[in-house]
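So you can see what is in the structure, the chains are spelled out below.
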Amino acid sequence: MTTETGSGQMVRALSWKGAFWVAAGVPPLVLFSIGGIAGTTGKLAFVVWIISMIMGFLQSFTYAEMAGMFGNKSGGTSVYGATAWLRYSKLIAPLSVWCNWFAWSPVLSLGCVIAAGYILNALFPIPLAESQQVVDWVAANLASYTAETQSVIDYMAANAGTAAEDAIKAVATADGIAALTPAFRNWEFAAVTIPLLGTLHFNSYFVVGVALMLVILLIQERGIASTAAAQKWLAIIVLVPLLLVGLVPLFNGSINWMNVTNLVPPTAAYSGVDGEWNIGGWTLFLGGLYIAAWSTYGFETAVCYTRELKDPKTDTFRAIFYSGLLCCLFFFLIPFSFQGVLGQEGMLASGIVDGSGIGEALGNMIGGGAVITQIFVILMIMALFLAIMTAMAGSSRTLYQGSRDGWLPKYLGSVNTHGAPRKAMWTDFAFNVFLLALASDIAGYFYVLAISNVGYILFNFLNLNAGWIHRIDSSHMERPWKAPTWLIGVNTVLAFVNALFLGAGAKVWGYENALWSGLVFAALIVPVFWFRHYVQDGGKFPKEAYDDLGLPYGERGARKAGMLPYLALAAGAVVVLWSNWFFVLPA
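Residues numbered from 1 in each chain as written. Predicted model: local features only at pLDDT ≥ 70, side-chain atom pairs only at ≥ 80, totals over all residues. Heavy atoms only, no water.

**Notes on the pattern of salt bridges**
- Going through the model one piece at a time under the given rule, you end up with 7 salt bridges.
- Across the salt bridge formed by glutamate 65 and arginine 479, the nearest N and O atoms sit 2.9 Å from each other. Remark: arginine 479 occurs in the loop between helix H19 (442–473) and helix H20 (485–505) and glutamate 65 occurs in helix H3 (residues 45–69); sequence separation between them is 414 residues.
- Using a relative accessible area of 2% as the deciding quantity, one classes glutamate 65 as buried.
- Residue classification places arginine 479 among the buried residues on the basis of a relative accessible area of 14%.
- Between arginine 532 and aspartate 537 there is a salt bridge; the shortest N-O distance is 2.8 Å.
- The class of aspartate 537 is buried, set by a relative accessible area of 18%. (Salt bridge = Lys/Arg side-chain N within 4 Å of Asp/Glu carboxyl O. Helix = DSSP H or I, 4+ residues; strand = E, 2+ residues; numbered from the N terminus. Buried < 20%, exposed > 50% of the residue type's maximum accessible area, 1.4 Å probe, protein only.)

**Some points on unusual backbone geometry**
- The backbone phi angle of asparagine 262 is positive, close to 55 degrees, even though this residue is not glycine.
- Mapped onto the fold, asparagine 262 is located in the loop between helix H12 (224–251) and helix H13 (279–296).
- The residue tyrosine 270 is not glycine, and still its phi comes out positive at about 65 degrees.
- On the basis of relative accessible area, tyrosine 270 is assigned to the partly exposed category, the value being 38%.

**A word on the environment of leucine 14**
- Among the structural elements, leucine 14 can be located in the segment before helix H1 (16–23).
- Considered as a pair, leucine 14 and serine 226 are 212 residues apart in the sequence and their alpha carbons are 9.9 Å apart.

What follows is the structure, encoded as structure tokens:
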């Protein structure tokens, strides 16, 4: 470990404030799924965000303790928690790291899809039906349409009771929009269907998204200090206006309190109609908590950089604690104000659900005109950059440390002259190019999100249980900050609450097999780990993995917790399977 660049090692160049700024990309994650959660949970949406954020904040204290125990590790809390499982199963430890990585990594592709939408709207806008150019086109071509035109006949058949004159105008307007839409918006080089997974779309969104990811990759090639500096200014530019959006409606009277009272789930996802607290309603509510966790728990990334902190003994707790407070502020305020102003109908607008209209909505919430709205559109793109930067920095270091500890392929365990894990970052990039093709339409977007969150909930379950396992097996290790024992107990209970979310919630997002798809992807760690551990390393972990636990080389230490970790795994599996069977979507 060094403080000098060019050494081929990670560099201790970061204070807790730097780690805080890198993690400042987490609050904008609220914008990734704010429309989706509003659609599935109705008026309960803001409550879902608050409950989920409280859970994430409580859980972070377990993670803060573990982070302080491993001052020489990078890669985040999944790495620190995985070491607790090492004594009990060689496979569970890499599973935790793998699940954390494939949960965080898709932020790159999902964020780039939304950002690509904003850029395409700015450079290649689809004209509005009421725009002058469409009106002029219709006026010039209206005479070519009659009641016998096939498209008019089809329209009238699909819209019973529509007069011929109205149908002609509607069809002509649609044709005018299509004719005046820039060709690049509808361009698609290829669409490849993969059975049981989805369709890969190599279209304009894909091209712009890949370009954005390359820009972010080049920024991070300069190392963590350079990344933190860029993140700091991005965060200030983005988060201050976003905070105003949350606060202004509270003081200017634009909150409609009918939008945040009479809290019941909807009759069905995206129905916009108040339902009741039956099994279907609870399923939708748990589905919201399931997907919100992907955003609200995310500030645990603040401890991904322990190996790059100048003073990890004091900086780890400060970084995750203050990052948590920042997230509490935004995840409480933004969903409440959004819902209070827009209501269910506004939250279900297509631009809110797919993310492409959130910038405009933010500008309108504070009563801004066209100029203010355009500023917020630009800020939205910058917010997405902020989140993507955070995700790449954290997920690449998870791959790097997983390699150093003997869980992932060896080639991932090197850094460039600036101390950045270059090969891990390029692996992240390549994986997300594939996901970007899958997520380049709205259906694929939420499928990627639902599957990746299977991994995130699994990681949280394993990691929260790792807290008490470390207390029993690694009591000899120094803990610069130690969580209250009662809080370790509460967080152990929350591990099983998360398992409940997983079983009940994964099915809510339009893919009844999302849970099983996610579990299949999690299982891919088996051949990856087998190759590294048994082919490359001959059945033993690297020496530094044992040194970090204070163990002799080749020995995994006594299993002081006995059967308890295995019982926790079995109980977690029972909770997931039972909740998946018991909770069903509304008819």
